[in-house]
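Descriptive analysis of the structure
Next come the chains, spelled out residue by residue.
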Amino acid sequence: MDAEDMGADLEKVLLSQEQIDTRLTEMAAEIDADYAGRDVLLVGVLRGAVMVMADLSRKLHSPVQMDWMAVSSYGSGTKSSGVVRILKDLDTDLTGRDVLIVEDIIDSGLTLSWLVGNLRSRGPASVEIATLLRKPEAAKVAVDVRYVGFDIPPEFVVGYGLDYGEQYRHLPFVGTLAPHVYGG
Ligand code: 5GP
Ligand code: MG
Ligand code: MG
């Protein structure tokens, strides 16, 4: 699957497969250095973070475990509701654990600030965040994001795990949609 297969749906490729891969390699090196061989529990937020989790985790040398949470935020639209619900909780006891939340994108940051508070209340040793993408709005929220792949413009993006109406998650790059796709 490449940009051409997307035909008229795609407006442009924002981040190529190569750019993503290079940046994830750098982030993994930072994470390895910071955790210095400690056990890390990677918490992926379904479903968008699946690609980041798969590719980032395979670049880590630290001993890691993985667990997953599903929370509702956007539905099938393009605006955050601010209402967060747990659809699937972790299976892992967080007591004393070094937790690294793995995210696809931070937009309003509402989902994430809620999630950090929720996980902190479970008695972990630490909770940090790694996200592939961050939009400018996120700066307004008081959440310290330790690892950021790319700061991107406030556009709606798809691919590399990110969907629009559950489509486009499988694209190996991050792109923007043509306005006609979302009725713009
Ligand atoms: P926030 O609560 O930070 O506004 O949004 C968090 C979630 O909204 C993300 O995990 C993602 O599922 C969705 N989201 C935010 N911005 C975008 C975007 O540009 N494209 C897509 N596909 N999803 C987004
Ligand atoms: Mg997400
Ligand atoms: Mg979505």
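This section reports on the structure supplied with the text. (Residues numbered from 1 in each chain as written. Chains lettered and ligands numbered in written order. Predicted model: local features only at pLDDT ≥ 70, side-chain atom pairs only at ≥ 80, totals over all residues.)

Structural notes on the overall build of the chain
Tallying secondary structure elements over the chain gives 3 helices and 9 strands in all. In the chain, the succession of helices and strands from N to C terminus is β-α-β-α-β-β-β-α-β-β-β-β. Taking 16 Å as the expected radius of gyration for a compact globule of 184 residues, we find that the chain reaches 16 Å, a close match to that expectation. Counting only C-alpha atoms, the chain reaches 50 × 35 × 30 Å along its principal axes. A total of 184 residues make up the chain; the buried ones form 31% of that total. (Helix = DSSP H or I, 4+ residues; strand = E, 2+ residues; numbered from the N terminus. Rg over C-alpha atoms; globule rule 2.2 N^0.38 Å. Buried ≥ 20, exposed ≤ 12 C-beta atoms within 10 Å, placed from the backbone.)

A word on the pairing of strand β9 (residues 174-177)
Of the strand pairs in this sheet, strand β1 (residues 10-15) and β9 are connected by 4 bridges, and their pairing is antiparallel. Residue pairing for β9: leucine 10 is matched across the bridge by leucine 177. Across 2 bridges, strand β8 (residues 157-158) lies against β9 in antiparallel orientation. Pairing of valine 158 across the sheet is with glycine 175, part of β9. (Pairing = 2+ DSSP bridges.)

Digging into helix α3 (residues 110-120)
Taken together, the buried positions of α3 are Thr111, Leu112 and Leu115. Viewed along the axis of α3, the buried residues span an arc of 85°, placing them on a single side of the element. In this structure, the buried side of α3 is in contact with β3 (64-72), β5 (98-106) and β6 (126-134). (Arc of directions from axis to C-beta. Contact = placed C-beta atoms within 7 Å.)

Points about the sheet that holds β8
With antiparallel pairing, 3 strands are arranged side by side in an open sheet as β1-β9-β8. Each edge of the sheet is formed by a strand with only one pairing partner; in this case those strands are β1 and β8.

Section: the nonpolar core
Counting residues in hydrophobic clusters, the biggest one holds 40 residues, and the most contacted among them are Leu56, Leu100, Ile101, Val102 and Ala130. At the level of elements, α1 (17-35), β2 (40-46), α2 (50-57), β5, α3, β6, β8 and β9 are the ones that each hand at least two residues to this core. Top contributing element to this core by residue count: β5, with 6 residues. (Core = buried A, V, L, I, M, F, W, Y, C linked by C-beta atoms within 7 Å.)

Focus on the sheet that holds β6
Strand order in the open sheet formed by 6 strands is β4-β3-β2-β5-β6-β7, with mixed pairing between adjacent strands. Only two strands of the sheet have a single partner each, and these edge strands are β4 (85-88) and β7 (147-151). Across this sheet, the average inter-strand angle for adjacent strands is 30°, counted without regard to direction. Against the sheet, α1 makes contact with β2, β5, β6 and β7, and its axis sits at roughly 160° relative to β7, the strand it touches most. (Axes fitted to C-alpha atoms, helices over the stretch in contact; angles between N-to-C directions.)

Everything listed here is a matter of geometry and, on its own, says nothing about what the molecule does.
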